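Descriptive structure summary
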Amino acid sequence: MIILGIESSCDETAVSICKGGKILSNIVSSQQIHNDYGGVVPEVAAREHDRLLNHLIIKSLDEANISLNDLNGIGVTKGPGLAGTLLTGVSFAKGLSQSINIPIIGINHLEAHIYANFLAYPKLKYPLVCLLVSGGHTQIWYIKNIFDYELLGDTRDDAAGEAFDKGARVLGLGYPGGPIIEKISLKGSSNAINFPRALMEKDNLEFSFSGLKTSLLYLVNKEKSFDLKDVAASYQKAIIDVLVTKLLRAVNIKKVNNCIIAGGVAANNCLRNLVDEKIEDKINVFYPDINLCTDNAAMIAFLAEIYLKKGMTSNIDFEVIPNLKLR
Ligand code: KG4
Ligand code: ZN
């Protein structure tokens, strides 16, 4: 089956074509227009998706060396995300599916992040534990079997990606904060400042990052001068330490042999390295290539194909759900 994937939940306009679980083309256009604002401006993002989608789909078909008539289905993100940007992608996808008369599948963006691991590692086996870390979510899932999810831990306030983004803003570093903080941290000392790690007591699988952010704000307001590299590295380490501790705890509690990391923050090498270092040898840990961790449409097309093969398609009148949950 050949599937077109469309992703427009935030500020990445992404289009991909997958065939039989393999990527034929994967285009991501990251909107630079928001850089001046220090965050995503929803209406501007929606207009950008509208401006780019048609062009990117033509380019994607071209790269995959196929025509519209070769497509068997369209997968499109229906949530969670910004209402306006989701609507742009879904409206486009609905129009296209009607005009060429192929099925459409509304896809949960969070589920697609998880399935990016199955796209990268087709032999991955259940049951597994997943650390899902993106701009809006920080959760630990126990996935017993396909589409069978149990939430083990969630954040009480900010998500890990949000902690990176807000930290970068406090430090005047721009958006998105994760990759910028990671880069600056390379030359800093992660032991320089002892930032707080919340909810570390035994067996706790919840997260909280708002205290960490406040503590950074105090430091920046109090100290006249500080070493930006050391502050960034210590701040990053405080986030990563908590993520890794809780992931290992969940793996232990559920006694699984496989664990995966998904979402934009999974692109962070400090996170990847620490998990690799701390995890027991007998446990396999997987994370996809960086371009499949951050928002992309290959994960959308890949998951849509799984649904389509099971005959699970969406009615044409399905709605976008900005606060869609995994379960
Ligand atoms: O999954 P994603 O691309 O979009 C959402 O679904 O939210 O995740 C975006 C988040 C942002 O908060 C961004 O700062 C963070 O992922 N991120 C990173 C890195 N690359 C992206 N955080 C830490 N290190 C990175 N290298
Ligand atoms: Zn995402």
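Residues numbered from 1 in each chain as written. Chains lettered and ligands numbered in written order. Predicted model: local features only at pLDDT ≥ 70, side-chain atom pairs only at ≥ 80, totals over all residues. Heavy atoms only, no water.

Notes on the coordination of the zinc ion (ligand 2)
Around a metal, the idealised angle for a tetrahedral arrangement of four donor atoms is 109.5 degrees; for an octahedral arrangement of six donor atoms it is 90 or 180 degrees. Convention followed: Water is not part of the atom set, so a site may look incomplete; the donors themselves are N, O and S atoms within 2.8 Å of the metal, or 3.2 Å for Na, K and Ca. In this scheme, a residue with accessible area under 20% of its type's maximum is buried, one over 50% is exposed, and one in between is partly exposed, where area comes from a 1.4 Å probe on protein chains only.
The zinc ion (ligand 2) binds to the protein through His109 (NE2), His113 (NE2) and Asp295 (OD); the donor distances cover 2.0 to 2.1 Å. Its relative accessible area of 6% is what places histidine 109 among the buried residues. Assessed through its relative accessible area of 1%, histidine 113 is described here as buried.

Let's talk about the state of the cysteines
Between two cysteines, a covalent bond joining their sulfur atoms is known as a disulfide. What counts, and what does not: When two cysteine sulfur atoms lie within 2.5 Å, the pair is treated as a disulfide.
Going through the model one piece at a time under the given rule, you end up with 0 disulfides. Here cysteine 10 is not disulfide-linked; the sulfur of cysteine 293 is the nearest cysteine sulfur, at 17 Å. You can call cysteine 10 partly exposed: its relative accessible area is 21%. Unpaired in terms of disulfides, cysteine 130 finds its nearest cysteine sulfur in cysteine 259, a separation of 8.9 Å. For cysteine 130, a relative accessible area of 0% translates into the label buried.

Some remarks on the domain arrangement of the protein chain
Which entries qualify depends on this criterion: Throughout, the edges of the domains are those of an automatic or database domain assignment. Whether two residues are in contact is decided by their heavy atoms, any of which lying within 4.5 Å being enough. Accessible area that two parts lose when put together, with a 1.4 Å probe and added across both, is what the buried area reports.
According to the domain assignment, the protein chain consists of domain 1 (2–113 + 293–309) and domain 2 (125–290). Between the C-alpha centres of domain 1 and domain 2 there is a distance of 27 Å. The partner domain 2 presents 16 residues to the 14 residues of domain 1 that form the contact. Together, the buried faces of domain 1 and domain 2 total about 1200 Å²; carbon and sulfur atoms form 66% of this surface.

Comments concerning the site of ligand 1
Test applied: For this description, a residue counts as near a given molecule or strand if any of its non-hydrogen atoms is within 4 Å of it. The definition of a polar contact used here is a pair of N or O atoms within 3.5 Å, where within protein one atom must be able to donate a hydrogen and the other to accept one, and adjacent residues in sequence count solely through side-chain atom pairs. Note on areas: these come from Shrake-Rupley sampling with a 1.4 Å probe, and a residue is covered only by the protein chains present in the view. For helices the rule is a DSSP run of H or I covering at least 4 residues; for strands it is a run of E covering at least 2, with both sets numbered from the N terminus onward.
Residues in close proximity to ligand 1 total 20 residues, the closest being His113, Gly135, Asp165, Glu182 and Gly264. The backbone of glycine 135 places a nitrogen or oxygen atom 2.8 Å from an oxygen atom of ligand 1. The side chain of glutamate 182 places a nitrogen or oxygen atom 2.7 Å from a nitrogen atom of ligand 1. Contact with the protein chains removes 88% of the 550 Å² of surface that ligand 1 exposes when unbound. When contributions to the shell around ligand 1 are tallied by element, the ones reaching two or more residues are α3 (109–120), α4 (160–170) and α5 (177–185). Ranked by residue count, the leading element in the shell around ligand 1 is α5, at 4 residues.

Details of the nonpolar core
Condition: Nonpolar core, defined: a set of buried Ala, Val, Leu, Ile, Met, Phe, Trp, Tyr and Cys residues in which side-chain atoms within 4.5 Å join the residues together.
In terms of nonpolar packing, the biggest core is built from 46 residues, with Val129, Leu131, Phe209, Ile239, Leu243, Ile261 and Leu271 touching the most fellow members. Counting residues per element, the ones that place at least two in this core are β6 (128–133), β7 (138–145), α4, α6 (210–222), α7 (228–254), β9 (258–262) and α8 (269–278). Here this core gets 12 residues from one element, more than from any other, and that element is α7. Ignoring sequence-local partners within four residues, the contact set of valine 129 consists of Ile140, Trp141, Tyr142, Leu247, Ala250, Val251, Lys254, Val256, Asn258, Cys259 and Ile260. Listed in part, the 33 residues of the second largest apolar core include Ile114, Ala116, Ala301 and Ala304.

Things to note about the sheet that holds strand β2 (residues 12–19)
How we decide: Paired strands, in this sense, are two strands between which DSSP finds at least two bridges. Every angle, taken between N-to-C directions, lies between 0 and 180 degrees, and every axis is a line fitted to C-alpha atoms, over only the stretch in contact when it is a helix.
Ordered in space as β3-β2-β1-β4-β5, the 5 strands form an open sheet in which the pairing is mixed. The two strands at the open ends of the sheet, each matched to only one other strand, are β3 (22–30) and β5 (104–108). On average, each strand axis in the sheet is inclined to that of its neighbour by 20°, with strand direction left out of account. Bridging between β2 and β3 involves 8 bridges; their strand directions are antiparallel. Counterpart to glutamate 12 in the pairing with β3 is serine 30. The strands touched by helix α2 (residues 83–100) are β1 (2–7), β4 (73–79) and β5; relative to β4, the strand with the most contacts, the crossing angle is about 155°. Together, β1, β2, β3, β4 and β5 form the strand contacts of helix α10 (residues 298–309), whose direction differs from that of β1 by roughly 130°.

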